[in-house]
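Structural overview for review
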Amino acid sequence: MRANSDKRRVRLQAIAWAAFLTTIGAWAQSAPRHPDVVMGERQTASAELFRLTNGTLRVEPCGGEVMRVTYVTGTSIPDLSNPAVGDSACRRAAFRVYDAGGAIEIVSGAVRADVDKNSSAVSFSLYGKPMLAETSWPFPRRIVPTVTDGAEVHSASVWFALSPDERLYGLGQHQTGLLNERNTQLILSQDNTNVSIPFFLSSRGYGVLWNNAAVTNWNNRFRQVVTFQSNDADAVDYYFIGGPSFDSIVAGYRRLSGGVPLFPRWAYGYWQSRLAYASRQQLLDTAAKYRALHLPLDNIVLDAGWETTFGSRIFNSNYPDPASMVRQLHDEHVHLMVSIWPLFQTGSANFDAMKSHGYFVRPGPNALPAYLPGARLYDAFSQGARQLYWLQVKRSLYDIGVDAYWMDSTEPADLYAEEHGSMLAGAKTAMGDGSKFANMYPLMTTKAIFDGLRRQPGNKRAFILTRSAFTGMQRNAAAVWSGDTVTTFDALRRQIPAALNYSMSGLPYWTSDIGGFVGGDAADPRFRPLFVRWYEFGAFCPIFRAHGARSANELWSYGAKAQRILTLYDRLRYRLMPYIYTTAAMTTFDNYTPMRALVFDFPADPKALDINSEYMFGPSILVAPVTTRGATLRDVYLPKGSDWYDFWTGRRLSGGQTVHRAAPLGVLPIYVRAGSILPMGPEEEYTGEYPNGPIELRIYPGRDGDARLYSDDGVTYDYENGQFAWLPMHWDNASRVLTLEGRQGSFAGMAQSRSFVVTIVGPGHGTGEAVSRSGERVSYRGVPVHVHM
């Protein structure tokens, strides 16, 4: 399938290039080179409107260093609201307008937009520093007629000038191996292993969100310019989001498109998965063996082969009495996720119900026959279809206790159509032409399940895993995985920048098939090192999950030597759960990003801006995965501005240097920033096994530091109503005193006292996964405590 995906991408690039040349020709023949500003007038109390010789331009301050720019060829701005970013997302903000001679200035907060009176090009400054400017080369922002998927529509484009040393990031997940997307061209469309989000961030400290869901050409190969060009659009419509920090830019994106719910605590534990379990008994035996071997596990996955037909939601004869199967898993503290697709085959009551209501997408005129006989795609753009889709899932899965939903093929694509493009190309949906919303399907179908779950009694948190994503999907409690990757070290290497760019696109939860999906044999000595190295990396991803098209994929499947290593990282993941769950809470409450390219935290370090093989996992931990077969050494760059501690040895190192770290199989180079307070919980076989167990606080001295520890009930949405608690902590390096501040907040069932063991990290002390046997023991009852070390 990967080869087919590559062929399709080359074909789309060729189509986009032809469309680009056609657009230039249409512009040269019919458009004035300088669309002079005829007049500027106050359209409303929230925007500034400009009448141009060839259209209308609106500049709208949205508050929080965000401005929206909209251009149409007519005399009025139409309703451009859509499910990804509604018009109401641009909140009314105070602004001032000045005539600056050659330009009109619109100032709101720290952002200023200048509209050139001659060309109408818009430029932006942040805190007085020029950041971004539209350019008229090779042509100004345009809307021109075009033909897309057989329909006569309009394409929209805008070009921006770039500075020579500017780096560009984001745009979703593209497995090119690149972190910096400068001097590249990407076709922003959804496929099996590429996720398209039309949002990029610049190392200069701003972001641009393009408000369009059609297939889009993002081209950065012409001089010092970059363009968005969408093949089906009613307007040029984008948001400038000022930082300058990347956390501020991501926060601006989420203010526009939605926040991030907390997953249940168990979702941050380990997920055991493979393509298929042959029977109910094999699934139950696998979970039971994890418990018998005392291997940490929270979740197991039922992927292919459980339905009688696609979309029937009926368990076949290999899975008798599925309700008791789920109960047995729950008795062992194991949660179940089940795979569902948006495709329906004939021959089921669910298919007939969808068809009778007219809830299937009507294929385009050039659509090819589906690989799955008689399969149809449900119309996730229809509210009624989404409600019926959820109702069918509820009856078969939710009502028997299934905990999570794996929404596969949400690009959408079936196994055959992947090679030929989106199933929405030229199709008709409840919102209109499928081509106009081709990239938005994953947002809409995950909304079906999330909205359904939120309506249920019990207030239980949702978890969704999906193969594609779009602007705003983070609000649907959905994580993405990187698709059907191949089983090679090169594929592993490409996962890191793919994950980092996806995370910079504002969607924080990402995972991959540990070991790769296509290929691999647990009994093959050449495959085992790849699985181990991928597993090391996977333990430090937001979601920790193994999967693959292999007949055996459990930790014991890879031999005794590999099992010892895999068990170490499994246990380490659970020891770090207080840190991971606190980072998740920061993501929900503070618009944080858990998997962080170095540019997030070290924007002033030029070397950090281009590193695509390391990242921060939360605020304290630097991870440098090993992605070369047979490697026993790993060069690791430690960013300047901080000292660093080797997690495994406790050795302290200065920042701003590259270290040569021994990294034999089983050793993942991990470094912790000086000044960190790292909370580590007890060894557990599932999250919450010891809810009030002692927490080790590892202090990495060298500078003052602050940290927080978050807690709530771990399963409900009561945190939305203030039911949670934070414990702020401060390390004073000069006096060597750790202060546990007064507890902030409370929740039902909260323990009134907690036990801590405070450890100062140094060579051979407070290192590795093992629980420290020495340290200062502290009993905390919610009031400030000063611990003198």
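The following paragraphs examine the structure supplied in this document.

Sheet strands line up and pair through hydrogen bonds in the backbone, either parallel or antiparallel. Read across the sheet, six strands follow the order β31-β32-β33-β38-β35-β36 without closing on themselves; strand pairing throughout is antiparallel. Each edge of the sheet is formed by a strand with only one pairing partner; in this case those strands are β31 (595-596) and β36 (652-653). Of the strand pairs in this sheet, strand β32 (residues 615-617) and strand β33 (residues 621-623) are connected by three bridges, and their pairing is antiparallel. Considered in β33, the bridge of Phe617 is made with Ile621.

This part covers the state of the cysteines. This model, assessed by the stated rule, comprises one disulfide. Shown here is the disulfide that connects Cys62 with Cys90, its sulfur atoms set 1.8 Å apart. On the S-S bond that ties Cys62 to Cys90, the torsion sits near -90°, and the link is left-handed. On the criterion of sequence distance, the pair formed by Cys62 in strand β3 (residues 55-63) and Cys90 in the loop between β4 (66-72) and β5 (96-99) is long-range, its members being 28 residues apart. Across the pair, exposure class does not vary: Cys62 and Cys90 are buried alike.

Looking at where Gln173 falls in the secondary structure, it is placed in strand β12 (residues 168-173). Here the side chain of Gln173 touches Thr193 through a polar contact of 2.9 Å, landing on its backbone oxygen. Once residues within four sequence positions are removed from consideration, Gln173 is found in contact with Thr193, Asn194, Val195, Trp481, Ser482, Ala498, Tyr502 and Trp510.

The tally for this structure, following the rule as stated, stands at 29 salt bridges. Ionic pairing is found between Asp610 and Arg167, a salt bridge with its closest N-O pair at 2.9 Å. With Asp610 in the loop between β31 and β32 and Arg167 in the loop between β11 (151-161) and β12, this pair connects stretches of sequence that are 443 residues apart. Residue class for Asp610 comes out partly exposed when judged on its relative accessible area of 38%. Note on Arg167: relative accessible area 17%, which makes it buried. Between Glu307 and Arg313 there is a salt bridge whose closest N-O contact spans 3.1 Å.

Turning next to the nonpolar core. The biggest cluster of nonpolar side chains holds 170 residues, and the ones touching the most others in it are Leu336, Tyr378, Ile449, Phe463 and Phe540. Looking at this core, the element that brings in the most residues is helix α8 (residues 489-504), giving eight residues. Apart from residues lying up to four places away in sequence, Leu336 is in contact with Leu283, Ile300, Leu302, Met325, Val326, Leu329, Val402, Asp403 and Ala404. Residues Ala110, Leu126, Met131 and Leu162 belong to the second largest nonpolar core, which totals 39 residues.

The side chains of a regular strand alternate between the sheet's two faces. Counted residue by residue, strand β42 (residues 724-732) has seven buried out of nine residues, so it is predominantly covered. Looking at chain direction, strand β41 (residues 705-711) and β42 are connected through seven bridges and run antiparallel. Its bridge partner being in β42, Ala707 is matched across the sheet by Met729. The pairing of β42 with strand β44 (residues 744-746) spans three bridges and is classified as antiparallel. Note that in β44 the partner of Ala725 across the bridge is Gly745. The pairing of β42 with strand β43 (residues 737-740) spans four bridges and is antiparallel. Looking across to β43, one finds that Met729 is bridged to Leu740. Here β42 hands over to β43 after four residues, with Arg736 in that stretch at a positive phi of 55°.

A word on the side chain of Arg274. Along the polypeptide, Arg274 turns up in the loop between β19 (270-272) and α3 (280-292). Residue Arg274 is classed as buried on the basis of its relative accessible area, which comes to 6%. Engagement of the side chain of Arg274 in a polar contact is seen with the backbone oxygen of Ala276, the distance being 3.0 Å. Reaching out from Arg274, the side chain makes a polar contact with the side chain of Gln282 at a distance of 3.0 Å. When near neighbours in sequence (up to four residues on either side) are disregarded, Arg274 contacts Gln282, Asp303, His547, Gly548, Arg550, Ser551, Ala552, Asn553 and Glu554.

Let us now look at the packing of aromatic side chains. Taken as a whole and assessed by the stated rule, the structure comprises 58 aromatic pairs. When the centroid spacing of 5.9 Å and the interplanar angle of 70° are considered together, the rings of Tyr268 and Tyr581 count as edge-to-face. Here Tyr581 lies in helix α11 (residues 577-590) and Tyr268 lies in the loop between α2 (246-257) and β19, a separation of 313 residues in the sequence. The exposure classification of Tyr268 matches that of Tyr581, with both residues buried. Positioned above the aromatic ring of Trp406, the side-chain terminus of Arg545 is 5.0 Å from the ring centre. The cationic tip of Arg708 hangs over the ring face of Trp726; the distance from NZ or CZ to the ring centre is 4.0 Å.

Two elements in contact, helix α5 (residues 349-356) and helix α6 (residues 383-396), have axes whose closest approach is 11 Å; the angle formed by their N-to-C orientations is 165°. Classified by the angle between their axes, α5 and α6 sit roughly antiparallel to one another. Our pair here, α5 against α6, has a crossing hand that is right-handed. Along the contact surface, α5 presents Asn350, Ala353 and Met354, while α6 presents Ala385, Leu388, Tyr389, Gln392 and Arg395. Of the residues that constitute the contact of α5 with α6, the class distribution is five nonpolar, two polar and one charged.

Here we have four strands laid out as an open sheet, ordered β39-β40-β45-β46, and mixed in their pairing. Of all strands in the sheet, those bounded by a partner on one side alone are β39 (677-680) and β46 (776-780). Taken pair by pair, the neighbouring strands of this sheet meet at an average axis angle of 25°, ignoring direction. Two strands pair when backbone bridges link them, and strand β45 (residues 754-760) and β46 are joined in this way by five bridges, in the antiparallel orientation. Bridge pairing links Val758 to Glu776 in β46.

What counts as what
- Residues numbered from 1 in each chain as written.
- Predicted model: local features only at pLDDT ≥ 70, side-chain atom pairs only at ≥ 80, totals over all residues.
- Heavy atoms only, no water.
- Pairing = 2+ DSSP bridges.
- Helix = DSSP H or I, 4+ residues; strand = E, 2+ residues; numbered from the N terminus.
- Disulfide = S-S within 2.5 Å.
- Buried < 20%, exposed > 50% of the residue type's maximum accessible area, 1.4 Å probe, protein only.
- Polar contact = N/O pair within 3.5 Å; in protein donor to acceptor, adjacent residues only side chain to side chain.
- Contact = heavy atoms within 4.5 Å.
- Salt bridge = Lys/Arg side-chain N within 4 Å of Asp/Glu carboxyl O.
- Core = buried A, V, L, I, M, F, W, Y, C linked by side-chain atoms within 4.5 Å.
- Phe/Tyr/Trp six-rings, centres within 6.5 Å; stacked < 30°, edge-to-face > 60°.
- Lys NZ or Arg CZ within 6 Å of the ring centre and 35° of its normal.
- Axes fitted to C-alpha atoms, helices over the stretch in contact; angles between N-to-C directions.
- Parallel < 35°, antiparallel > 145°, perpendicular 65-115°, else oblique.
- Left-handed = near helix turned anticlockwise from the far one by under 90°.
- Nonpolar A, V, L, I, M, F, W, Y, C, P; charged D, E, K, R; others polar.

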